[in-house]
Amino acid sequence: MTTQMAREIAEQPEAVARTLDALRPLRGELARLAAGTRHILFVARGSSDNACVYGRYLVETHAHRMAGLAAPSVATHYHAEVDLTDALVVCVSQSGETREIVETQEWAASRGARTVAVTNDSASALARGADLTLATDAGRELAVPATKTYTTQLAAMAVLATALAPEPTALDADLARAPKEMARLVEQREGVDAAAAQLAHSEETLVSGRGLLFGTALEVALKLEETCLRPVRGLSYADLRHGPIAVVDSDVVAIVVAAQDGPVVGGLTEVALDLQARGATTIGLGGDSAFAQACSLAVPGPDLPELVAPLAAVVPGQLTVEALARTLGLDPDSPRGLSKVTQTDAG
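Fair warning: this is a prediction, and the values are worked out from it, not measured in the lab.

A. Main features of the overall build of the chain. Helix and strand counts for the chain come out as 15 helices and ten strands. Its C-alpha radius of gyration of 19 Å places the chain within 12% of the 20 Å reference for a compact globule of 347 residues. Here the C-alpha coordinates of the chain stretch approximately 55 × 40 × 40 Å along the principal axes. In the chain, which comprises 347 residues, the share counted as buried stands at 56%. Counted over contacts in the chain with a minimum sequence separation of 6, partners at least 24 positions apart contribute 78%. If you sum the accessible surface of the chain, you get close to 13,500 Å²; carbon and sulfur atoms cover 50% of it. Treating the 28 positive side-chain charges of the chain as one cloud and the 43 negative ones as another, the clouds have centres 2 Å apart.

B. Main features of the environment of Leu-20. Counting through the fold element by element, Leu-20 comes out in helix α2 (residues 12-23). Spatially, the C-alpha atoms of Leu-20 and Pro-145 are 22 Å apart, while their sequence positions differ by 125 residues. Non-local contacts of Leu-20, meaning those with residues more than four positions away in its chain, are made with Ala-155, Val-159 and Leu-175.

C. Structural view of the pairing of strand β9 (residues 281-286). The element β9 is extensively covered by neighbouring structure, given that five of its six residues are classed as buried. By the bridge criterion, six bridges tie strand β8 (residues 252-258) to β9 in an arrangement that is parallel. Each residue of the ladder has a partner; that of Val-257, found in β9, is Leu-285. Since β8 and β9 lie parallel, the crossover through helix α13 (residues 265-277) that links them has a hand, and here it is right-handed. Examined bridge by bridge, β9 and strand β10 (residues 297-299) share three bridges and lie parallel to one another. Counted as the bridge partner of Leu-285 is Val-299 from β10. Crossover handedness for the path β9 to helix α14 (residues 289-294) to β10: right-handed.

D. Local environment of the packing of α2 against helix α8 (residues 148-164). The contact between α2 and α8 brings their axes to 9 Å, and the two run at 30°. For the element pair α2 / α8, the angle class is roughly parallel. You can see that α2 and α8 cross each other, and the crossing is right-handed. On the side of α2, the interface is formed by Gln-12, Ala-15, Val-16, Thr-19, Leu-20 and Leu-23, while α8 contributes Lys-148, Thr-151, Thr-152, Ala-155, Ala-156 and Val-159. Residue classes in the contact of α2 with α8 are distributed as seven nonpolar, four polar and one charged.

E. Inspection of the nonpolar core at higher detail. Counting 80 residues, the largest nonpolar core has Phe-42, Val-90, Leu-134, Val-207 and Leu-224 as its most contacted members. The element contributing the most residues to this core is α8, with eleven residues. In terms of nonpolar packing, the next biggest core, distinct from the first, is built from 20 residues, Val-252, Ala-258, Ala-272 and Cys-295 among them.

Thresholds applied
- Residues numbered from 1 in each chain as written.
- Predicted model: local features only at pLDDT ≥ 70, side-chain atom pairs only at ≥ 80, totals over all residues.
- Heavy atoms only, no water.
- Helix = DSSP H or I, 4+ residues; strand = E, 2+ residues; numbered from the N terminus.
- Rg over C-alpha atoms; globule rule 2.2 N^0.38 Å.
- Buried < 20%, exposed > 50% of the residue type's maximum accessible area, 1.4 Å probe, protein only.
- Contact = heavy atoms within 4.5 Å.
- Areas by Shrake-Rupley, 256 points an atom, 1.4 Å probe, with all protein chains shown as cover.
- Lys, Arg positive; Asp, Glu negative; His and termini not counted.
- Charge placed at Lys NZ, Arg CZ, Asp CG, Glu CD.
- Pairing = 2+ DSSP bridges.
- Right-handed = clockwise from strand over helix to strand, strands pointing away.
- Axes fitted to C-alpha atoms, helices over the stretch in contact; angles between N-to-C directions.
- Parallel < 35°, antiparallel > 145°, perpendicular 65-115°, else oblique.
- Left-handed = near helix turned anticlockwise from the far one by under 90°.
- Nonpolar A, V, L, I, M, F, W, Y, C, P; charged D, E, K, R; others polar.
- Core = buried A, V, L, I, M, F, W, Y, C linked by side-chain atoms within 4.5 Å.

Below is the structure:
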């Protein structure tokens, strides 16, 4: 029987295409709202936070603007009196009703920030309180694990970053190809079932990436944890090499995530080789031919340049997680102890 999660993974190409079409016309408004600001701050939790990791890297590398991830507790618990008059604060929540994110947006506005909401519900509290809303067009998501709401958030991040870039349309041709690449990966599923079978027999799992696909690595790790109930560590390969790699042995299955090009794929290839030398089984997600050869098992990624690859690179990871959950006898649509709208402790 096809799971709801699988159906929603398959809906992503059309959802991302709709979202890109809907949000591209807002580039002018985004640029005007951000005019005169010096910093971009992202606020989110969970999968939305992983989408913001991509947003941060893209804003810095493509739009050449400094960006960072803000801690909501600075607003909701510490009520810090910081000056945000030079900041564009982007608050991201698929439901738009996570109280912590809504309150952080209110705090940012009170401290002088200009605010952008990214949400799948244009009537939500987050959308109503923002200066400008980037409403994703994922449609209703029924499975608890975020799939199409996550990738449409990535589309929103791409529109935001390109709006702030010197040449707003420079990535449009590659962005237009992303939905087709997503559809191809869903249809072909190359390496997915083999990766799920390998993970089913692992005692420890590690996921690593870097740069523009670091958020993808974190999202794959999160999906493995919440959907398959496995303890998983998601680490930048730079952090991995600063100590944690010492505990890697034959009990570990490592998923290494890479784009087909870019300045970090060579380093990720070296990490894959190093992990194998320590006895780990390595599952390579994406990358170039040298990267694939360095891994025990290669799961092809999208034929897209690094700047836009994250929109599609997560798809093989999502498919692997869904297949692994079924292999383990779990329900990927409704993981234990989770709900669609997550609230943290009250401020």
